[in-house]
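# Report on the structure
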Amino acid sequence: MSDEDLIRTGKSSKILSVVCVVTVLIGCVIFVGLVTVQTLYLSKRIRQSGIIFPNPPYTKDSDCLHFLVIGDFGRGNEMQKQVAQSMGDYCQQHDGCDFVIGTGDNIYPDGVKSINDEQFKSKFEDIYTHPSLNQLDFYMVLGNHDYRSNPQAEIEYSKMSTRWKLLDYFYELKKKSRLGGFELNLIFTDTTPFHRLFYWDPKINSTALNEQKKRIPEQMKWLRQTLTSHEPRGDSTWSIVVGHSAVYSASSHYDSQPLIDNFEPLFKQFQVPLYLCGHDHYLGWLANRLITNEKEKTQYVVSGAAGGNIYDRLKYNANLLNYYIGPGGFFSVEVQKELIFVRALDENGKEIFKFRIDK
Ligand SMILES: *[C@@H]1O[C@H](CO)[C@@H](O)[C@H](O)[C@H]1NC(C)=O
């Protein structure tokens, strides 16, 4: 190499490093910009929710089923108590409630040891004591935290309690409307065995989780049969599916590929109107924006705020329609023969957003 060549090489490596630094800097600026835009976009969205989603028309029908949805509640803390108080007040002010649905993580942080575990009292029985709640059945599913210690005991406790109804790992329940004009089928699924991540949890009861993992084909067959036998949007029937994990999510857990693969095609085929879940600690409403036929579109409700411990920031998700970030809250669902009316309520029972599903 001549001296000239060496000088040229030196020059080009200097240029190269300048280009590298500039590229990295531009990358950083773009990244910070995107994060800012996302945060601003989300906060703008919640402020403008009334504009983007005008209040849907609603007329009270006495032939209905009215229930509340709570998730991630079993902490025994002040926020759980406050939400419980607001739930009771809400039922009292709205012509009573028929039952409550729990979307899992019923006992934090490590589930229960046995059917005699003291936590059933301190994190459930002693909390939902409001006169408008203390006669209601609480239908529940297992969350990943309930899979720590002894999930079977949470199922067996249903025989001892007058209100705790965790009837099986997966089960269905038919409810006649107040005046008998339609029937609602509630389908309770077991989503924890679908997710690989939970097998890594050192506190998980891996015996129990592996047993239920083997039953996934059975559960899927049962889900299909249940949806086949009971038209989710029939003339006088509705079906709603409940699970712990979200299908779509704007929290750090994000979308669940196993549930998108296993649940969503069935929901679309059978026109399931609503899926209720928890796991993510906020109140959310999502729907797959790529499905344009309203009847094939499932509305996804995330109710994971009945015990506080809220996330302070969400991830951008194009399927997110509205949300509320804590400190706590729950949902009210009113089913009528021709429509389902869903309301998100904060820790004081104040309405945050609402939407309507038509048959
Ligand atoms: C794990 O779950 C099984 C039920 O599948 C139960 O028999 C066993 O006692 C549980 N283990 C613990 C430590 O609770």
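Predicted model only: the values in this text are computed from it and were never measured. Each chain carries its own residue numbering, running from 1 in the written order of its sequence. Reporting in this predicted model follows two pLDDT cut-offs: at least 70 for local features of residues, and 80 or more for side-chain atom pairs to be given and counted; totals over whole chains, interfaces and linings ignore these cut-offs and use all residues. Side-chain numbers come from the whole structure's heavy atoms, not from hydrogens or water.

### Concerning the site of the ligand
Residues in contact with the ligand, as listed here, are Ser149, Asn150, Asn205, Ala208 and Glu211. Any pair of nitrogen or oxygen atoms within 3.5 Å is treated as a polar contact; in protein, a donor-acceptor pairing is required on top of that, and neighbouring residues in sequence qualify only through side-chain atoms on both sides. Residue Ser149 places a main-chain N or O atom 3.3 Å away from an oxygen atom belonging to the ligand. The Shrake-Rupley method, run with a 1.4 Å probe, gives the accessible areas here. Residue values count only the displayed protein chains as cover. Contact with the protein chains covers 53% of the free accessible surface of the ligand, which is 360 Å². Any residue outside Ala, Val, Leu, Ile, Met, Phe, Trp, Tyr, Cys, Pro, Asp, Glu, Lys and Arg is labelled polar, Gly included; the first ten of those are nonpolar and the last four are charged. Class assignment of the residues belonging to the shell around the ligand gives a composition of one nonpolar, three polar and one charged. Here, proximity means that at least one heavy atom of the residue falls within 4 Å of the molecule or strand.

### Re the sheet that holds strand β14 (residues 351-358)
Only strands joined by at least two bridges in the DSSP assignment are considered to pair. We count a stretch as a helix when DSSP gives it H or I for four or more residues in a row; a strand needs E for two or more, and each element gets its number in order from the N terminus. On the basis of which strands lie adjacent, the open sheet formed by seven strands has the order β4-β3-β2-β1-β12-β13-β14 and mixed pairing. Here the strands that pair on one side only, and so sit at the sheet edges, are β4 (164-165) and β14. In this sheet, strand β12 (residues 329-336) lies alongside strand β1 (residues 64-70) in antiparallel orientation, the contact comprising six bridges. Each residue of the ladder has a partner; that of Leu65, found in β12, is Val335. Between two residues, a contact is recorded if the distance between any of their heavy atoms is within 4.5 Å. Here the axes come from fitting lines to C-alpha atoms, over the contacting stretch only for helices, and the angles between their N-to-C directions go from 0 to 180 degrees. Running at roughly 25 degrees to β12, helix α3 (residues 78-93) makes contact with β1, β2 (99-102), β12 and β13 (339-346) of the sheet.

### As for the state of the cysteines
Cysteine sulfur atoms are paired as a disulfide whenever they come within 2.5 Å of each other. Counted under the stated rule, the structure contains one disulfide. Cys91 shares a disulfide with Cys97; S-S distance 2.0 Å. Measuring the twist about the S-S bond at about -95 degrees, one finds the Cys91-Cys97 disulfide to be left-handed. The pair Cys91 / Cys97 is uniform in exposure class, with both members buried. Under the scheme applied here, a residue whose accessible area is under 20% of the maximum for its type counts as buried, over 50% as exposed, and between as partly exposed, the area being computed with a 1.4 Å probe on protein chains only.

### Some details on the packing of aromatic side chains
Centre distance within 6.5 Å is the pairing criterion for rings of Phe, Tyr and Trp, where only the six-membered ring of Trp is used; planes under 30 degrees apart are then read as stacked, over 60 as edge-to-face, and the remainder as tilted. Enumeration over the complete set of coordinates arrives at 26 aromatic pairs. With a centroid separation of 4.6 Å and 50 degrees between ring planes, the pair formed by Tyr58 and Phe341 is classed as tilted. Here Tyr58, found in the loop between α2 (49-52) and β1, pairs with Phe341, found in strand β13; they are 283 residues apart in sequence, far enough to count as distant. Judged by relative accessible area, Tyr58 falls into the partly exposed class, the value being 28%.

### Regarding unusual backbone geometry
With omega at -10 degrees, the peptide bond leading from Tyr108 into Pro109 counts as cis. In this fold, Pro109 is placed in the loop between β2 and α4 (119-125). Each neighbour pair has its own omega, and for Gly326 with Pro327 the value is 10 degrees, a cis peptide bond. Looking at the secondary structure, you find Pro327 in the loop between β11 (320-324) and β12. You will see that Asp95, though not glycine, has its phi angle at about 70 degrees, which is positive.

### Section: the layout of surface pockets
Of the two site types, the cavity is a set of points on a 1 Å grid over the protein atoms alone where a 1.4 Å probe fits but cannot get out, and the pocket is an open set with protein on both sides within 12 Å along at least five of seven lines, each lined by residues with an atom within 4 Å of a point. Grid points are joined across faces, edges and corners, and a volume is the space filled by probe spheres set on the points. By volume, the largest pocket is sized at about 320 Å³. For the lining of the largest pocket, the leading source of residues is β14, giving five residues. Broken down by class, the residue content of the lining of the largest pocket amounts to seven nonpolar, one polar and seven charged. Of the voids in this model, the second largest pocket is the one considered here, and its volume is about 210 Å³. The wall of the second largest pocket is formed by 15 residues, among which His195, Leu197, Phe198, His253 and Ser256 lie closest to the centre. Taken together, the residues of the lining of the second largest pocket sort by class into six nonpolar, six polar and three charged.

### Observations concerning the sheet that holds strand β9 (residues 283-287)
Reading across from one edge, β5-β6-β7-β8-β10-β9-β11 is the order of the seven strands in this open sheet, with mixed pairing throughout. Every other strand in the sheet has two partners, leaving β5 (171-176) and β11 as the edge strands with one partner each. When the angles between neighbouring strand axes are averaged without regard to direction, this sheet yields 20 degrees. Here β9 runs beside β11; their pairing, made up of four bridges, is antiparallel. The residue of β11 that forms the bridge with Leu286 is Leu320. In the packing of helix α7 (residues 216-229) onto the sheet, the strands contacted are β5 and β6 (183-188), and the crossing angle to β6 comes to about 175 degrees.

### Focus on the UniProt feature "domain: Calcineurin-like phosphoesterase" (unreviewed entry) in the protein
UniProt tags residues 66-282 as "domain: Calcineurin-like phosphoesterase" (unreviewed entry). For residues 66-282, the helix share is 30%, the strand share is 17%, and the end-to-end C-alpha distance is 22 Å. UniProt positions are given in the numbering used here, feature names are shortened, and annotations may be inferred rather than shown by experiment.

### What about the environment of Gln336?
The residue Gln336 is located in strand β12 in this model. The exposure class assigned to Gln336 is buried, which follows from its relative accessible area of 6%. Not counting residues up to four positions away in its chain, the partners in contact with Gln336 are Tyr58, Thr59, Lys60, Asp61, Asp63, Cys64, Phe182 and Trp238. At a separation of 3.0 Å, a polar atom in the side chain of Gln336 contacts the main-chain carbonyl oxygen of Thr59.

### Examining the nonpolar core
To define a nonpolar core, start from buried Ala, Val, Leu, Ile, Met, Phe, Trp, Tyr and Cys residues and group those joined through side-chain atoms within 4.5 Å. Among the nonpolar cores identified, the biggest contains 66 residues, and Ile70, Met87, Tyr128, Tyr275 and Tyr282 are the most heavily contacted of them. Per-element accounting of this core gives the leading share, six residues, to α3. In this structure, Phe182, Tyr324, Val335 and Ile340 belong to the second largest nonpolar core, which totals 34 residues.

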